Amino acid sequence: MTEEGKKKLFSAVQPSGAVTIGNYIGAIKNFVTLQDEYDCIYAVADLHAITVRQDPAALRRNTLELMALFIACGIDPNKCILFVQSHVPAHCELTWVLNTIAYPGELSRMTQFKDKSAKHAENVNMGLMDYPVLMASDILLYQAALVPVGADQKQHLELTRDLAIRFNNRYSGTFTVPEGYIPKGNGARIMSLADPSRKMSKSDDNPNAFITMSDDRDTIIRKCKRAVTDSGNEVRFAEDKPGVSNLIAIYTAFTGKTIEETEREFAGKGYGDFKLAVGEAVADALAPVQAEKARLCKDKGYLNQVMKEGAEAASRIARKTLSKVYRKVGFYQGE
Ligand code: TRP
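Note that the structure is predicted; figures quoted are calculated from it, not measured. Within any chain, residue numbers begin from 1 and follow the written order of that chain's sequence. Since the coordinates come from a predicted model, pLDDT governs what is reported: local features require at least 70, and pairs of side-chain atoms require 80 or more to be given and counted, while whole-chain, interface and lining totals use all residues. Side-chain descriptors were evaluated using all non-hydrogen atoms of the structure, hydrogens and water having been removed beforehand.

A.B. asks: How should I be thinking about the overall build of the chain in this particular structure?
C.D. replies: Per the secondary structure count, the chain includes 13 helices and five strands. Here the C-alpha radius of gyration of the chain, 21 Å, is about what a compact globule of 335 residues would show, namely 20 Å. Taken over the C-alpha atoms alone, the chain extends approximately 75 × 45 × 40 Å along its principal axes. Across the 335 residues of the chain, 50% fall into the buried class. Here, two residues are considered to be in contact whenever any of their heavy atoms come within 4.5 Å of each other. Look at the contacts in the chain between residues 6 or more apart in sequence, and 74% of them connect residues 24 or more apart. Areas reported as accessible are Shrake-Rupley estimates using a 1.4 Å probe. Residue values count occlusion only from the protein chains shown. Per element, the accessible surface of the chain, about 16000 Å² overall, is 52% carbon and sulfur. We score Asp and Glu as negative and Lys and Arg as positive, and we do not count His or the chain ends. Every charge is mapped to an atom, namely NZ of Lys, CZ of Arg, CG of Asp or CD of Glu. For the chain, the distance from the average position of its 43 positive side-chain charges to the average position of its 41 negative side-chain charges is 3 Å. Per the convention used, a helix needs a DSSP run of H or I reaching at least four residues, while a strand needs a run of E reaching at least two, with both numbered from the N terminus. The globule rule used here is 2.2 Å times the number of residues to the 0.38 power, and the radius of gyration it is set against is calculated over C-alpha atoms. The classification of residues rests on relative accessible area computed with a 1.4 Å probe and restricted to protein chains. Under 20% of the type maximum is buried, over 50% is exposed, and intermediate values are partly exposed.

Right under this line is the structure:
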C-alpha cells in the first residue's frame with residue numbers, strides 16, 4: 001500500500017499483434033476503471049512476447065502501437081505507471097533469482113506451456129518454459145496486491161503466489177503475496193463470433209471469428225452480421241443462447257447499457273436488426289479510439305517521453321524490491 005492507502009495493482013499485455021475487442025473488454029477497459037481506485041502499474045510485456053518467434057520490426061511497431069492504444073483507450077500516464085517491460089532491467093534480474101527456487105517440474109506442467117509447446121513445436125525454448133517466472137517477477141517487483149488476469153493466466157498467478165510464499169519462507173518476508181482481481185460488473189469473457197463455445201482469439205484461422213481494435217467500420221459491421229446466432233429469434237441473454245448472449249455482452253460493454261435494457265430495446269425485433277445494432281455500436285465506440293491512437297502514433301516524441309517516465313517510475317519501485325532480494329539471498333552490495 002502507498003501513503004494514500006491505495007492497494008497496488010499490476011497487469012500487462014503482450015505486444016504480439018492485433019488486439020481484439022475481447023482483450024479490450026476483458027482487460028484494457030477494466031484497466032481504465034481501476035486507475036482511480038488503485039495504484040496501477042501497467043506494462044507492455046515485450047520480454048514475454050519473444051518466447052514465441054516475433055519479427056523484430058513488427059515487435060517494435062506493435063510495442064509503440066500498444067502503448068498508443070492503452071493511452072487512446074483512456075489509460076492516463078499521469079494517474080498510473082505505464083511502461084515497457086524491457087526498459088526495466090529488474091524484471092530479468094529478479095527472474096534469475098526466482099529461477100533458483102522454481103522447479104522444472106512445476107513449469108513444465110503449466111497448461112499454457114504445454115499448449116504453446118504443441119503449437120510451436122519447432123521452437124520449444126527455455127524462455128517459453130520460464131515465462132511464468134518472468135510473470136511472477138513482473139508482479140512481485142511492485143509488491144502488487146492485486147492482479148487482474150483472465151482465466152488463461154490464473155495458473156500463472158497461482159505459481160506467482162507459490163514462488164512468493166516459497167521465497168518468503170526461505171529468506172523471510174520479502175514479497176506481497178498477490179491475489180487475482182475479478183472485475184466487478186461486466187467481467188464477460190468474449191467468445192468467438194464463429195463459435196461461441198471458444199474464446200475470441202486473434203490467432204483464430206477464421207478472421208470473421210474476431211474483431212480487432214483497428215478493424216474499420218464496414219469490417220466490424222460485416223463481422224457482426226455474420227456472427228453465429230442460435231435457434232429462435234429472441235434477443236435474450238441465456239445459457240442456451242451462447243451466440244446471442246455473446247453479442248449482448250459485446251453490446252453492453254460498448255454502450256454501457258444493461259442486459260435488461262438491451263433485451264427490452266430489441267424485444268420483438270429479429271437477430272438481423274440486433275446484429276446490425278451491435279456492429280454499429282462497436283464501430284461508433286471504436287472510431288474515436290482509433291483516431292486518437294493514430295494521432296498518438298504520429299507523435300513518437302510524446303510516446304517516447306511517456307515510456308521514459310514510466311520506466312523511471314517503475315524502476316524506482318522495482319530497484320527497491322530487487323535490492324532487498326539481493327540482500328536476502330546474500331549478494332554482497334558494499335557498505
Ligand atoms: N502473460 C500475460 C498475458 O499474456 C501478460 C502478462 C505478463 C501479465 N506479465 C504479467 C499479466 C503480469 C498480469 C501480470 O496475458
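Having seen the model, we can carry on.
A.B. asks: Help me understand the packing of helix α10 (residues 242–255) against helix α12 (residues 271–298), please; the structure alone is not making it clear to me.
C.D. replies: Axis definition: a line fitted to C-alpha atoms, limited for helices to the stretch in contact. Angles are taken between N-to-C directions and run from 0 to 180 degrees. Remark: α10 packs on α12, axes separated minimally by 9 Å, with the N-to-C direction vectors making an angle of 35 degrees. Here α10 runs over α12; the crossing is left-handed. Between α10 and α12, the residues in contact are Val244, Leu247, Ile248, Ile250, Tyr251, Phe254 and Thr255 and Tyr271, Phe274, Lys275, Ala277, Val278, Ala281, Val282, Ala285 and Leu286, respectively. By definition, turning the near helix anticlockwise from the far helix through less than a right angle yields a left-handed crossing, and turning it clockwise yields a right-handed one.

A.B. asks: Please explain helix α3 (residues 56–72) as it appears in this structure.
C.D. replies: For the α-helix, the turn length of 3.6 residues means that residues three or four positions removed from each other point alike. What a helix is expected to span follows from its residue count: subtract one and scale by 1.5 Å. Taking 1.5 Å as the rise per residue, α3 with 17 residues should run 24 Å; its terminal C-alpha atoms sit 24 Å apart, in good agreement. Counting buried positions along α3 gives 12 out of 17 residues, so the element sits mostly inside the fold. Three or more residues of α3 are buried, namely Ala58, Leu59, Asn62, Thr63, Leu64, Leu66, Met67, Ala68, Leu69, Phe70, Ile71 and Ala72. Just downstream of α3 lies Gly74, where phi reads positive at about 115 degrees.

A.B. asks: Mind showing me how you'd approach the site of the ligand here?
C.D. replies: What surrounds the ligand is a group of 13 residues, the closest being Ala12, Gln14, Tyr131, Asp138 and Gln153. Protein burial of the ligand: of its 370 Å² of free accessible surface, 88% is covered by the chains. Going through the elements one at a time, β1 (8–13) and α7 (126–141) are the ones with two or more residues in the shell around the ligand. No other element matches α7, which puts four residues into the shell around the ligand. Here a residue is considered near a molecule or strand provided that any single heavy atom belonging to it is located within 4 Å of it.

A.B. asks: Help me understand the nonpolar core in this model?
C.D. replies: As a rule of thumb, nonpolar side chains are buried together in soluble globular proteins. By convention a nonpolar core is built from buried Ala, Val, Leu, Ile, Met, Phe, Trp, Tyr and Cys residues, the set being connected through side-chain atoms within 4.5 Å. Residues Ile21, Tyr42, Phe70, Met213, Ile250 and Phe274 are the most contacted members of the largest nonpolar core, which totals 62 residues. The element that contributes the greatest number of residues to this core is α12, accounting for 10 residues. Apart from the residues within four sequence positions on either side, Phe70 is in contact with Val13, Ile28, Phe31, Ala43, Val44, Ile75 and Leu82. Core analysis: the second largest hydrophobic core is formed by 41 residues, Leu94, Tyr131, Ala318 and Leu322 among them.

A.B. asks: It is not clear to me how the pattern of salt bridges should be interpreted in this structure. Could you clarify?
C.D. replies: Side chains that carry opposite charge are capable of pairing whenever their charged atoms lie near each other. Throughout this description, the term salt bridge denotes a Lys or Arg side-chain nitrogen within 4 Å of a carboxyl oxygen of Asp or Glu. This model, assessed by the stated rule, comprises 13 salt bridges. For Asp204, the salt bridge goes to Arg198, with nearest N and O atoms at 3.2 Å. For Arg198, a relative accessible area of 44% translates into the label partly exposed. A salt bridge links Arg236 to Glu234; its shortest N-O distance comes to 3.5 Å.

A.B. asks: Explain the environment of Thr262 to me, please; I cannot follow it from the model alone.
C.D. replies: Mapped onto the elements of the fold, Thr262 is located in helix α11 (residues 259–265). Separated by 54 residues in the primary sequence, Thr262 and Asn208 have C-alpha atoms spaced 24 Å apart. Look past the residues within four positions of Thr262 in its chain and what remains in contact with it is Ile248, Tyr251, Thr252, Lys257 and Phe274.

Any functional reading would require information that these geometric values do not contain.
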